[in-house]
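Residue-level structure breakdown
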Amino acid sequence: MSSTATTVAQSAPSTAGRPASAGAADSSPAGADSSPEPTGEAPTEAPAVDYSGYKLVPAKHPGRWVGTVLVALGLAAVLWSLATNPRWEWGVVAQWFTAQSVVNGLIETLKLTAISGALGFVLGFGLALMRLSSSPLLVGVSWTFSWIFRSTPLLVQLLLWYNLGYLYEKISLGIPFTDVRFFEVQTTTLISQFAAAVLGLTLNQAAYSAEIIRGGILSVDQGQLEAAAALGIPAWRRSTRIVLPQAMRAILPTAFNEIIGLVKGTSIVYVLAYSELFYTVQVIYNRTQQVLPLLLVATLWYVVITSVLSVFQYYIERHYSKGAVRNLPLTPLQKARRFFATHAVKESR
Amino acid sequence: MSTFVSESTTTAPAPSAASRGHVEITNVRKSFGATEVLKGVSLTVPPGGVAVILGPSGSGKSTLLRTINHLEKVDSGYITIDGQLVGYQLRGNKLHELREKDILKQRTDIGMVFQNFNLFPHLTALENVAEAPVVALRSEKSLRKPKEEARKRALELLDRVGLKDRAGAYPRQLSGGQQQRVAIARALALNPKILLFDEPTSALDPELVNEVLDVIRELATSGTTLIIVTHEMGFARDVADTVVFMDEGQIVEQGSPQDIFTNPREPRTRSFFSKVIEPAFNI
């Protein structure tokens, strides 16, 4: 960076003609000269110093170096203990990491996340629109939904759905207040563990995503709607083409927070003895007594899923930031390519 | 930017354009809460006319402009364009507000340019201009490729405002003056009878004002009816057929630029000009 000599050109013509000596860069007299207070010499000569011959030296940051070294030492210690402490039982972790039962649990976890995430956001979108409508009933219903599902523990919601058969023995579809029934079924056969898990996670997710989507829609400038209305663009296209793409920028970071939370949140359905990743791992360590290594297996899988989602998040956010920033920053891949390209050029010289 | 009659447009040619765009505002009233911002305003702008509305801030200029395309609902009074009611329909002895769909259709005849441009930031200049035509052309079943047709028209319009080479740029990559010119092209995209300008240069740096005013000046000779709210006195004098001076929700006086600027009858008008006109004429 400092390969090219950096000099400062003093635009004021030098009247006193104090010669610029390159060796005196750090000496104090130069600083004293530039201060307006007279220090014995003629005060009118002070601003006339020519600094053009001096080299610029960036400020040093010794504290930064000390901090870096300390953190590096700490990291090394943690890694060393992870690698050398035999009680982590990395062999057991490796043995179970890709075991069939664990992989099956992983698939169940992904299934639950995908289904309840997708349904939750669709329902949340509907709730957000209701909340933004001008009908007091729709606003009230949407508000109440969010209020109830955000104020009860997910655990209670799940157990409630699973035990719905206790409250309502049969579920039927018919004409209300008459005896006409088109369809009737035992609640316990309808609400399986899977159904209870999806119901609980979806409804809970919808309550949160409704607020996220509403926030995103509110973040779009009112002028955008006015401009679209003035152009005669129909309501549906106005929302999908003008408002939502801009709202996405505010929605995405929190939405991904929610989805990542949901990935790990699915572990709570172990209370329904549903064999997703976390429950599977519990079953295994109850049998083998290798508690910590098996918890590590589950943890590592959660880390993997979150990492993949984070990459998706980066690129999706980038897609929606078109036009929001003057020029899109380079992706890490592009940066790496540029780095190697420029270094290859240097080596060939 | 030589001619404003684009050859390839399938709609009616220039001669008939002069016979459309007659705006009649009759006794319009509008309140926001307890404050009445329009106190019975009536104004006629003939087809192809250029009306400039002047007045201090808070005088109801912008609100009046926004009632013309029903962005603001009136409390009483009515507005017609070429004899057709805006936003309402006479049924029996009542004026019923139109459904949103029909209002949107009416608005395609009325272009609007905003103070803050309100370009869609996630769409390129070309996409901004093509957006409304894409919707409109989709309903024309004879067209096989509405999107391509709309883009072709949009490019012609950008050429008209001198920004053909910036078609692929996003609004934030353009200067304020360029953004406003794109916004004008966007307002022109549906070949409107009337163009409304709501302080089109108020958000611009002084050196960018003229590039926008030049575009509007050219439009003034094109036969489209223009209604302009502005603070640019010199420009108003140049371009207007009718100058309207508003204060406190009422039209204080109106007339030719000559009358209003050199011989204002009302003392209120005179005192307003004495405050604003000096710097404006130095341009």
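Not measured: the values here are computed from a predicted model.

Rules used throughout
- Residues numbered from 1 in each chain as written.
- Chains lettered and ligands numbered in written order.
- Predicted model: local features only at pLDDT ≥ 70, side-chain atom pairs only at ≥ 80, totals over all residues.
- Helix = DSSP H or I, 4+ residues; strand = E, 2+ residues; numbered from the N terminus.
- Contact = placed C-beta atoms within 7 Å.
- Buried ≥ 20, exposed ≤ 12 C-beta atoms within 10 Å, placed from the backbone.
- pLDDT = per-residue confidence, 0-100.
- Axes fitted to C-alpha atoms, helices over the stretch in contact; angles between N-to-C directions.
- Parallel < 35°, antiparallel > 145°, perpendicular 65-115°, else oblique.
- Left-handed = near helix turned anticlockwise from the far one by under 90°.
- Nonpolar A, V, L, I, M, F, W, Y, C, P; charged D, E, K, R; others polar.
- Expected span 1.5 Å × (residues − 1).
- Bend = angle between axes of the 7 residues up to and from the residue.
- Pairing = 2+ DSSP bridges.
- Core = buried A, V, L, I, M, F, W, Y, C linked by C-beta atoms within 7 Å.

A short note on the overall build of chain A
- Check the secondary structure of chain A and you find 14 helices and two strands.
- Within chain A, contacts between residues at least 6 apart in sequence are counted, and of these 73% link residues at least 24 apart.

Quick word on the overall build of chain B
- What chain B contains, in helices and strands, is 10 helices and 12 strands.
- Evaluated residue by residue, chain B yields a buried proportion of 46% over its 283 residues.
- Within chain B, counting contacts between residues at least 6 apart in sequence, those at least 24 apart form 67% of the total.

Concerning the confidence of the model for chain A
All names here are of chain A.
- Mean pLDDT over chain A stands at 85; residues scoring 70 or higher make up 85%.
- Of all helices and strands in chain A, the one with the weakest mean pLDDT is helix α1 (residues 28–34) (46), whereas helix α5 (residues 136–151) scores best (96).
- Counted against residues more than four places away or in other chains, residues 1–35, with its pLDDT under 50, gives 34 contacts.

With respect to the interface of chain A and chain B
- Taken together, the contact pairs 19 residues of chain A with 22 residues of chain B.
- Taken together, the elements giving at least two residues each to the side of chain A that touches chain B come down to α10 (222–230) and α11 (235–265) of chain A.
- With six residues, the top contributor of residues to the side of chain A that touches chain B is α10 of chain A.

Remarks on the packing of helix α12 (residues 277–288) of chain A against helix α13 (residues 291–320) of chain A
Residue and element names in this part refer to chain A.
- Running from amino to carboxyl end, α12 crosses α13 at an angle of 165°, the nearest separation of the two axes being 9 Å. Relative to α13, the element α12 lies roughly antiparallel. Here α12 and α13 pass one another in a crossing that is right-handed. Within the contact between the two elements, α12 uses Leu277, Phe278, Val281, Ile284 and Tyr285 and α13 uses Val291, Leu294, Leu295, Val297, Ala298 and Trp301.
- Of the residues in the contact of α12 with α13, the class split is 11 nonpolar, no polar and no charged.

Some details on the environment of Val122 of chain A
- Note that Val122 of chain A resides in helix α4 (residues 100–132).
- Sequence-wise, Val122 of chain A and Ala210 of chain A are 88 residues apart; in three dimensions their C-alpha atoms are separated by 9.0 Å.

Looking at unusual backbone geometry
All names here are of chain A.
- In this model, Gln289 sits at a positive phi of 65°, which is unusual for a non-glycine residue.
- Residue position: Gln289 is located in the loop between α12 and α13.
- Overall, Gln289 belongs to the exposed group, with 8 C-beta atoms counted inside 10 Å.

Looking at α11 of chain A
All names here are of chain A.
- Relative to the 45 Å expected for 31 residues at 1.5 Å per residue, α11 spans just 36 Å between its end C-alpha atoms, considerably shorter than the ideal helical length.
- Largest kink in α11: about 45°, centred on Ile251, with the proline Pro253 one to four residues after it.
- Among the residues of α11, those classed as buried are Ile242, Val243, Gln246, Ala247, Ile251, Ala255, Ile259, Leu262 and Val263.
- Those residues of α11 that are buried lie in contact with α4, α9 (193–218), α10 and α13.

Concerning the pairing of strand β4 (residues 76–81) of chain B
Residues and elements named next belong to chain B.
- The pairing of strand β1 (residues 23–32) with β4 spans five bridges and is classified as antiparallel. Counted as the bridge partner of Val23 is Ile81 from β4.
- Bridge count between β4 and strand β5 (residues 84–85): two bridges; the pairing is antiparallel. Its bridge partner lying in β5, Ile81 is registered against Gln84.

What to know about the nonpolar core
- Counting residues in each nonpolar core, the largest one holds 122 residues, and the members touching the most others are Val52, Ile53, Val129, Leu196, Ile227 and Val244 of chain B.
- Tallying contributions element by element places α9 of chain A first for this core, with 10 residues.
- What Val244 of chain B contacts, discounting residues up to four positions off in sequence, is Leu43, Ala51, Val52, Ile53, Leu54, Ile251 and Gln254 of chain B.

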